[in-house]
Amino acid sequence: MRKTDLFFLRRASMLLLTALCLVIGLRGMSGQGMVATLHPAVEGRPVVLLDAGHGGFDGGAASQDGVLEKDLNLAVAKKLELELLQRGYAVIMTRTKDEALRYKGKSGKSADLNARAALADQYADAVLISIHMNKFEVAKYSGAQVFYSANHPNSRLLAEAVQTSLREQLQPDNHREIKQGGGGIYLLLRAAQPAILVECGFLSNPQETAQLQQPAYQQQLVEAIANGLESYYNKEKDEAGQGTATP
Ligand SMILES: [Zn+2]
């Protein structure tokens, strides 16, 4: 082999190596870019602590034909979790299956409530949304209603935003007003962060119970709740002078 041939061979292999490195580097960079798009950092995203009421031994309210509140709460909460994740929120669920929560090794109703309150304490920077179904002695009443915690002033604003969204997007004839949660709603009593409880509808009303069981209706319900949450966040950002971009 001549000297010049060797020189060209070396240069060619050097160029090949450089090109290879460049391709690998670019692929790595585009790979990082894709990951960043698909999984935005949790930091800076609003966190929602999502509570499906009751569970396990505690069925909650029941309709006349045996539909249990705990099951509807979980179905709605899971759909809301997906909806919020798709919108870029971070979501913490208090339960993802049919179970009551345990607290310090104990089970039972007060252990379950304490465990949920402990999660509210743990995620103090989150907004708390608790999902429940209502019941009354008279069958004719229907419609969603939002209750709020008295502990944080923003709870009322969040409740108002979600109630308005439910009325405008789902139930134009629902003129229920938001209400401060009384002592009977332990989680709202305990939660220090902005916290609301959505009574999605009445299990004492057969028509509404049938609706609440339909996945399509549950989806409409969660979209209205998510839109309410979004308008609450947008207002909060406006007040902070940071524009109106969605999270
Ligand atoms: Zn309940």
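Structure: above.
This report concerns the structure included in the present document. (Residues numbered from 1 in each chain as written. Predicted model: local features only at pLDDT ≥ 70, side-chain atom pairs only at ≥ 80, totals over all residues. Heavy atoms only, no water.)

Considering the coordination of the zinc ion
Then comes step 1: Bound to the zinc ion are the protein donor atoms H54 (NE2), E69 (OE) and H132 (ND1), situated 2.1 to 2.2 Å from the metal.
Then comes step 2: In primary sequence terms, the donor set of the zinc ion follows H-x14-E-x62-H. In this pair, H54 is assigned in the loop between β1 (47-52) and α2 (69-86) and E69 in helix α2, connecting sequence segments 15 residues apart. You'll find H54 and E69 in the same group, each marked buried. (Donors = N, O, S within 2.8 Å, 3.2 Å for Na, K, Ca; no water. Helix = DSSP H or I, 4+ residues; strand = E, 2+ residues; numbered from the N terminus. Buried < 20%, exposed > 50% of the residue type's maximum accessible area, 1.4 Å probe, protein only.)

Observations regarding the nonpolar core
Then comes step 1: L80, I129, I131, L166, I196, V198 and L229 are the most contacted members of the largest nonpolar core, which has 42 residues in total.
Then comes step 2: Secondary structure elements with two or more residues in this core: β1, α2, β2 (90-93), β3 (127-134), β4 (145-148), α4 (154-169), β6 (195-202) and α7 (215-239).
Then comes step 3: At nine residues, α7 tops the list of elements feeding residues into this core.
Then comes step 4: For L229, the contacting residues outside a window of four places in its chain are V48, L84, Y89, V127, I129, L158 and V162.
Then comes step 5: Membership of the second largest hydrophobic core comes to 14 residues, among which are L101, A115, A120 and F147. (Core = buried A, V, L, I, M, F, W, Y, C linked by side-chain atoms within 4.5 Å. Contact = heavy atoms within 4.5 Å.)

Quick word on the side chain of S149
Then comes step 1: With respect to the helices and strands, S149 occurs in the loop between β4 and α4.
Then comes step 2: By relative accessible area, S149 is classed as buried at 2%.
Then comes step 3: Here the side chain of S149 touches L188 through a polar contact of 2.8 Å, landing on its backbone oxygen.
Then comes step 4: Excluding residues that lie within four positions of it along the chain, S149 makes contacts with S155, L188, A191 and A195. (Polar contact = N/O pair within 3.5 Å; in protein donor to acceptor, adjacent residues only side chain to side chain.)

Examining the environment of G59
Then comes step 1: On the secondary structure map, G59 appears in the loop between β1 and α2.
Then comes step 2: Using a relative accessible area of 14% as the deciding quantity, one classes G59 as buried.
Then comes step 3: Note: C-alpha distance between G59 and L85 (26 residues apart in sequence) is 27 Å.
Then comes step 4: Residues contacting G59, with those up to four places away along its chain left out, are H54, L68, E69 and K70.

Considerations on the layout of surface pockets
Then comes step 1: Size it by volume and the largest pocket reaches roughly 310 Å³.
Then comes step 2: The set of elements that each furnish at least two residues to the lining of the largest pocket consists of α3 (109-122), β3, α5 (186-190) and β6.
Then comes step 3: Here the lining of the largest pocket gets four residues from one element, more than from any other, and that element is α3.
Then comes step 4: Class assignment of the residues belonging to the lining of the largest pocket gives a composition of six nonpolar, five polar and five charged. (1 Å grid on protein atoms, 1.4 Å probe; cavity = no way out; pocket = protein on both sides within 12 Å on 5 of 7 lines; lining within 4 Å. Points joined across faces, edges and corners; volume = space filled by probe spheres on them. Nonpolar A, V, L, I, M, F, W, Y, C, P; charged D, E, K, R; others polar.)

A look at α4
Residues that lie three or four places apart on an α-helix share one face, since the helix turns once every 3.6 residues.
Then comes step 1: For α4, with 16 residues, the first-to-last C-alpha span of 22 Å sits near the 22 Å given by 1.5 Å per residue.
Then comes step 2: What α4 keeps buried is the set N154, S155, L158, A159, A161, V162, Q163, S165 and L166.
Then comes step 3: Residues of α4 that are buried make contact with β3, β4, β6 and α7. (Expected span 1.5 Å × (residues − 1).)

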